[in-house]
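Results of the structural survey
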Amino acid sequence: MATKKLIAICQSGGEFETNMDGSLSYNGGEAYALDLDQQMQLSDFKQELAETFHCSVDGMLIKYFLPGNKRTLITVSKDKDFKRMVNFFGDSDQVEVFIMADGVVAQNVSNMPVSRSSRTTVSEAMVLVDVPVDTMSADDPIDMDAPIETTPTDALPDIIGDNYRRAATQWENAITGVDQIFCSFAEFREALRKYSIAHGFAYKYKKNDSHRVTAKCKSDGCPWRIYASRSATTQIICIKTMRPTHTCEGSAVKAGYQSTRGLVGSIIKEKLKVSPNYKPKDIATYIKREYGIQLNYTQAWRAKESAREQLQGSYKEAYNQLPYFCERIMETNPGSIATFATKEDSSFHRLFISFFASISGFQQGCRPLLFLDSTPLYSKYQGTLLAATAADGNDDVFPVAFAVVDEETDDNWHWFLLELKSAVSTSRPITFVADFQQGLRDSLPEIFDNCQHSYCLRYLAEKLDKDLQGQFSHEARRLMVQDFYAAAYANKIEAFERCTENIKTISPEAYHWVIQSEPEHWANAFFGGARYNHMTSNFGELFYSWVSEAIELPITQMVDVLRGKMMELFYTRRVDSSQWETRLTPSMEERLQNETSKSCSLKVLLSHDSIFEVRGESVDLVDIDHWDCSCKGWQITGLPCCHAIAVFERLGRSAYDYCSQYFTAESYRLAYAESILPVPNVEKPLESQLTEAAVTVTPPVKRPAGRPKMKQTGSVVIIKRQLQCSNCKGLGHNKRKCKQVYSCKALESDASEYLALTSPTSYVT
């Protein structure tokens, strides 16, 4: 492999198109062949590409398809990715590489698994100009099919006029004249709108029905006129008469050009594929600069919604596709669970998804530890996503199951846990790290036998800080929360008590709060389950970052994006782990070596059979038969502590034999042994397939008012500083508003008046 050459077919300047089977094909652009080998670095490859395509290395994106998978584009961003690409195609003679860079293609190309709704379409990069945009409330009524004011060509600055003329050129021949045919009146009307924008005039309909359309120039006295009607024999639409001449000065007319949100949506549709987070303000700026159409904020927002619906289908239809979608998941991924529930009025209630690869991987290769958390959704009908994630042998996120529910309630959590149990049914007692809300506290022991519920330390700290607000200064609260975290991580009861005593010296009430918060559910010194020192439920932040990327998509599209992310994750980790040569996973190997280095200075004394005394900064007892050390580090983490390793070295034993089986490379490979397979035709199933579904699902009836509150993603509580008066030291106000200052000033004023009346003039200042 070191000397074998690989030919890279490098392509740029074209665009991706989705085929009927969901695979991608690349059309257009330029292509060059370059040599690759194992010794080449990514920086050298980029430099050679820059010289070949005459572009800059800065901002360059390199993508390729997985072997045998034309649906997923992989990004090469570092040397490790580049080496992996070369290894993937080691048995081949060539690899297709797609280059995207400034001046060659648009930026921000999506790296999500490609589908009809998220396929990568390459277009020219654009530069947005910041111009004021009228703002309106999204709830204000507005007729988006009414004419939209546009700026005449000659009213624009020269450079903007050039852009406008260049963009409008593509529409100059949308109408060519008599005998031009169209498939429908809708197609004719859209062509007419584009033609009027390109030529800079406004028109109005004289006749506009299902049999004929007559339009004339809006300026009085202008002879421009067009007439189209339906053919009686072929049913096609044909232009019968047209007077192409204007006498109204054409583009200088100041009337509003006719444009609809559908037309604007079709303009920005391609750009929305490349930049899903295209802002309405930027849309309005782009449309005004390139096409001379003036949009306010709401019109731009609704045009974006129209474009998104053209790309992805409607949000409403997506709910009705759920029965078909769940069936397709279970057909393409046998052993998976995909189920949904509706309310009595057929409106959506909840959806549960767990792929067989996740179920098998959790049972075969992951420790019995699950993290439960939720995140709000910001799509049209909102809702909440509930998720259960695990930790693999390398301490990385392992997605197990997730659900979309109409709202976060105790009942929905109970249902989610019932479905989760059916998916991960195991005889092993499972430890859950989750919020301490009443619904979870009641449901977990009821559904899972012998489970342990570890309260999420982040949520507890947030509640402690909230309960202390208004009573203590910012610094006092910071110290108490800091001691609270230290108490939670303390391995021994003595250390736990020292931390809580520190809290008690500041506030006996806070100390009482901590003791009453059930430390047996969150403190290492008392907790009976195995959580491997994971204290917060937001362990699955990687998974929630995927959700944030697809959060505004229709429900079926969002689930399929998550499936694609999981599919790529499983594949990549399976390939990476096949090259490991260590007995443990890389992160656990590193931790074990760190503990080994600490053991060198320790002294081991024999005691009795399997019990040893280890002396260092402290004296600890190690029982190797029961995998126990008095420091509690071995039990809490699952890896031998430095004291235990010192004993193993004294006895000539291997520390690897005393590590948790879940940390081995073999268990890691078992976790990712199964694959998540594509689910074709998710976005646009055939009508015949939808009509076969016996259940009708409508969107949630009640959409919650306002934007849902976002959960804090960090694991450390951010304490907001309260105002503290420098005069009276009280909280909640400053010196300027301090009542004691006003009372003192009043006394000084009264005293001055008294002195002025009773003292000689010399005393008055």
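In this text, all values refer to a predicted model and were calculated from it rather than measured experimentally. (Residues numbered from 1 in each chain as written. Predicted model: local features only at pLDDT ≥ 70, side-chain atom pairs only at ≥ 80, totals over all residues. Heavy atoms only, no water.)

Position of T500 relative to the elements: it lies in helix 15 (residues 493-506). A residue is classified by how much of its surface remains accessible, and T500, at 3% relative accessible area, is buried. Excluding anything up to four places from it in sequence, T500 contacts A487, Y511 and V514. (Helix = DSSP H or I, 4+ residues; strand = E, 2+ residues; numbered from the N terminus. Buried < 20%, exposed > 50% of the residue type's maximum accessible area, 1.4 Å probe, protein only. Contact = heavy atoms within 4.5 Å.)

All right, on to a positive patch on the surface then. The grouping of K204, K206, K207, K218, R225 and R243 at the surface amounts to a positive patch. At three residues, the largest contribution of residues to the positive patch is made by strand 9 (residues 203-208). Structurally, K204 is set in strand 9. Judged by its relative accessible area of 33%, K204 is partly exposed. (Patch = residues over 30% accessible without salt bridge, like charges linked within 9 Å, V, L, I, M, F, W, Y side chains within 5 Å. Areas by Shrake-Rupley, 256 points an atom, 1.4 Å probe, with all protein chains shown as cover. Salt bridge = Lys/Arg side-chain N within 4 Å of Asp/Glu carboxyl O. Lys, Arg positive; Asp, Glu negative; His and termini not counted. Charge placed at Lys NZ, Arg CZ, Asp CG, Glu CD.)

Further remarks concern the pairing of strand 10 (residues 212-217). Residues in a regular strand point their side chains to alternate faces of the sheet. Along strand 10, five of the six residues are buried, which leaves the element largely enclosed by surrounding structure. Where strand 9 and strand 10 come together, five bridges link them in antiparallel fashion. Along strand 10, the bridge assignment pairs Y205 with A215. Pairing of strand 10 with strand 11 (residues 225-230) involves five bridges; the strand directions are antiparallel. The residue bridging V213 from the neighbouring strand is A228, located in strand 11. (Pairing = 2+ DSSP bridges.)

This brings us to the nonpolar core. Core analysis: the largest hydrophobic core is formed by 74 residues, its most contacted members being L372, L385, F402, F416, L420 and F543. With nine residues, the single largest contributor to this core is helix 18 (residues 555-577). When neighbours within four sequence positions are excluded, L385 is seen to be in contact with D373, S374, T375, L377, F402, A403, V404, F543, V547, M558 and L562. (Core = buried A, V, L, I, M, F, W, Y, C linked by side-chain atoms within 4.5 Å.)

Attention now moves to the environment of K206. Relative to the helices and strands, K206 is located in strand 9. Judged by relative accessible area, which is 48%, K206 ranks as partly exposed. On a C-alpha basis, the gap between K206 and Y227 in space is 9.6 Å, while along the polypeptide they are 21 residues apart. For K206, the contacting residues outside a window of four places in its chain are T214, A215 and K216.

So, about the state of the cysteines. All chains considered together, the criterion is met by zero disulfides. Cysteine C642 shares no disulfide, and the gap to the nearest cysteine sulfur, in C641, comes to 5.6 Å. The exposure class assigned to C642 is buried, which follows from its relative accessible area of 13%. (Disulfide = S-S within 2.5 Å.)

The subject of this paragraph is the packing of aromatic side chains. For the structure on display, the rule yields 38 aromatic pairs. Each ring, one from Y195 and one from W224, has its centre 6.4 Å from the other, and the planes form 25°; the classification is stacked. Residue Y195 is found in helix 4 (residues 185-199), and its partner W224 is found in the loop between strand 10 and strand 11; the two are separated by 29 residues along the sequence. W224 carries the same exposure label as Y195, and that label is buried. What links up through ring pairs into an aromatic cluster is the set F484, Y485, F496, W513, W522 and F526. Lying over the aromatic face of Y532, R367 brings its terminal NZ or CZ to 4.9 Å of the ring centre. The ring of Y459 carries the charged tip of R458 above its face, separated from the ring centre by 4.6 Å. (Phe/Tyr/Trp six-rings, centres within 6.5 Å; stacked < 30°, edge-to-face > 60°. Lys NZ or Arg CZ within 6 Å of the ring centre and 35° of its normal.)

We now examine the confidence of the model for the protein chain. In the predicted model, the protein chain carries a mean pLDDT of 79, and 79% of its residues have values of at least 70. Confidence over residues 102-163 falls short of pLDDT 50; this stretch has 163 contacts with residues more than four positions distant or in other chains. (pLDDT = per-residue confidence, 0-100.)

We now examine the pattern of salt bridges. Evaluation of the coordinates by the stated rule reveals 24 salt bridges. With a closest N to O distance of 3.2 Å, K565 and E549 form a salt bridge. Placement of K565 in helix 18 and of E549 in helix 17 (residues 541-549) is noted, with a sequence separation of 16 residues between them. Residue K565 is classed as buried on the basis of its relative accessible area of 12%. Look at E549 and you get partly exposed, because its relative accessible area is 42%. Of the charged contacts in the structure, one is a salt bridge between R615 and E613, with a shortest N-O distance of 2.7 Å. By relative accessible area, R615 is classed as partly exposed at 39%. Connected through salt bridges with shared partners, the residues K78, D81, R84 and D576 form a single ionic network.

Bringing the packing of helix 19 (residues 586-598) against helix 21 (residues 642-651) into the picture now. Packing of helix 19 against helix 21 leaves a shortest axis separation of 8 Å and a crossing angle of 70°. Viewed along their axes, helix 19 and helix 21 adopt a mutual orientation that is roughly perpendicular. For the pair helix 19 and helix 21, contact is made by L592, E595, T596 and K598 and by C642, I645 and E649, respectively. In terms of residue class, the contact of helix 19 with helix 21 is built from three nonpolar, one polar and three charged. (Axes fitted to C-alpha atoms, helices over the stretch in contact; angles between N-to-C directions. Parallel < 35°, antiparallel > 145°, perpendicular 65-115°, else oblique. Nonpolar A, V, L, I, M, F, W, Y, C, P; charged D, E, K, R; others polar.)

With that out of the way, let us pick up the packing of helix 14 (residues 474-489) against helix 15. Remark: helix 14 packs on helix 15, axes separated minimally by 8 Å, with the N-to-C direction vectors making an angle of 165°. With respect to their mutual orientation, helix 14 and helix 15 come out roughly antiparallel. Taken as a pair, helix 14 and helix 15 cross one another with a handedness that is left-handed. When helix 14 is examined against helix 15, the residues A476, L479, M480, D483, F484, A486 and A487 are found in contact with a partner set consisting of F496, C499, T500, N502, I503 and I506. (Left-handed = near helix turned anticlockwise from the far one by under 90°.)

Next up on the list: the environment of Q471. Its location among the elements puts Q471 in the loop between helix 13 (457-468) and helix 14. Along the chain, Q471 and S507 lie 36 residues apart, while their C-alpha atoms are 9.7 Å from each other.

Before going further, it helps to spend a moment on the pairing of strand 12 (residues 237-243). As defined by bridge partners, strand 8 (residues 181-182) adjoins strand 12 across two bridges and the pair is classed as antiparallel. The residue bridging I181 from the neighbouring strand is C238, located in strand 12. Two elements, strand 11 and strand 12, share six bridges in a ladder whose sense is antiparallel. Along strand 12, the bridge assignment pairs S229 with C238. Hairpin connection between strand 11 and strand 12: a loop of six residues separates the two successive antiparallel strands, and Q235 in this loop has a positive phi of roughly 65°.

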